Amino acid sequence: MIATRPTSVLFVCLGNICRSPLAEGVLRHKAEENGLAEQFLLDSAGIGAWHVGNPPDRRMVATAHSHGTDLSRLRARQIGLEDYYAFDLILALDRNNLADLRKSQPRDGTAELALYLDYCGLSQRLGFNEVPDPYYGGRDAFEDVYQMVDEASDILLQKLR
Ligand code: 4NP
């Protein structure tokens, strides 16, 4: 068997407690289910530092748990300069996140930067290209985000494997 280097992907949202840990956790879960865990190095980070060290929002943990994905052991961290060299791909969950990433991107950074739903090719069908922030929303907002990320992760798994 030919040993290939794993593809490394960093998911980035504002706080790293709702959307990006979900994107990380769901893709990891699907990779594991398909025997592809070793092909990926997955992580997530926030633009802001407010929640550094904290587990994901309990509403996001509960929603993911109801669909079979455990997020409870993840801990928030803030994006750092080294991430622009360490990862193959950095996927921003919304346009503000992408704009902030581009502002901090070092000239010689090697990571490809993209908007999550654009990269997955879902934006056209959905009619929008951002995963909305559920933080100030109700239970439906978390479920909607889960459904979007679930579909996007199926595509990502095929695209990156
Ligand atoms: P996330 O959601 O970016 O999906 O993790 C947020 C969580 C917390 C805050 C903003 C967004 N906050 O301002 O504390």
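Residues numbered from 1 in each chain as written. Predicted model: local features only at pLDDT ≥ 70, side-chain atom pairs only at ≥ 80, totals over all residues. Heavy atoms only, no water.

On to the overall build of the protein. The number of helices and strands found in the protein is seven helices and four strands. Along its sequence from the N terminus, the protein presents helices and strands in the succession β-α-β-α-α-β-α-β-α-α-α. Relative to the globule expectation of 15 Å for 161 residues, the C-alpha radius of gyration of the protein, 15 Å, shows essentially globular dimensions. With respect to the three principal axes, the spread of C-alpha positions in the protein is 40 × 40 × 35 Å. The burial tally for the protein puts 49% of its 161 residues in the buried class. (Helix = DSSP H or I, 4+ residues; strand = E, 2+ residues; numbered from the N terminus. Rg over C-alpha atoms; globule rule 2.2 N^0.38 Å. Buried < 20%, exposed > 50% of the residue type's maximum accessible area, 1.4 Å probe, protein only.)

Neighbouring the ligand are C13, L14, G15, N16, I17, C18, R19, H51, D133 and Y135. Residue R19 places a side-chain N or O atom 2.8 Å away from an oxygen atom belonging to the ligand. Looking at the shell around the ligand, its residues break down into five nonpolar, three polar and two charged. (Near = heavy atom within 4 Å. Polar contact = N/O pair within 3.5 Å; in protein donor to acceptor, adjacent residues only side chain to side chain. Nonpolar A, V, L, I, M, F, W, Y, C, P; charged D, E, K, R; others polar.)

Another aspect to go through is the packing of helix 1 (residues 19-33) against helix 7 (residues 139-160). Direction vectors running N to C along helix 1 and helix 7 enclose 45 degrees, while the axes themselves pass 9 Å from each other. The angle between helix 1 and helix 7 falls in the class oblique. Judged by the twist between their axes, the crossing of helix 1 over helix 7 is right-handed. Within the contact between the two elements, helix 1 uses R19, L22, A23, V26, L27, K30 and A31 and helix 7 uses V145, Y146, V149, D150, S153, D154, L156 and L157. Classifying every residue of the contact of helix 1 with helix 7 by side-chain character gives ten nonpolar, one polar and four charged. (Axes fitted to C-alpha atoms, helices over the stretch in contact; angles between N-to-C directions. Parallel < 35°, antiparallel > 145°, perpendicular 65-115°, else oblique. Left-handed = near helix turned anticlockwise from the far one by under 90°. Contact = heavy atoms within 4.5 Å.)

The next thing to look at is the packing of aromatic side chains. A full pass over the atoms with the stated rule returns two aromatic pairs. Judged by centre distance (5.9 Å) and plane angle (75 degrees), the ring pair of F11 and Y116 falls under edge-to-face. You can see F11 sitting in strand 1 (residues 7-13) and its partner Y116 sitting in helix 5 (residues 116-119), a full 105 residues away along the chain. The exposure classification of F11 matches that of Y116, with both residues buried. Note that K159 overlies the ring of Y119, its terminal NZ or CZ placed 4.1 Å from the centroid. (Phe/Tyr/Trp six-rings, centres within 6.5 Å; stacked < 30°, edge-to-face > 60°. Lys NZ or Arg CZ within 6 Å of the ring centre and 35° of its normal.)

Take the pairing of strand 3 (residues 89-92) next. Side-chain alternation along strand 3 places L89 and L91 on one buried face and I90 and A92 on a second face that is also buried. Pairing analysis gives four bridges linking strand 1 to strand 3, with the strands arranged parallel. Opposite V12, over in strand 3, you have A92 as the bridge partner. One ladder, built from four bridges, connects strand 3 with strand 4 (residues 112-115); its direction is parallel. Counted as the bridge partner of A92 is L115 from strand 4. (Pairing = 2+ DSSP bridges.)

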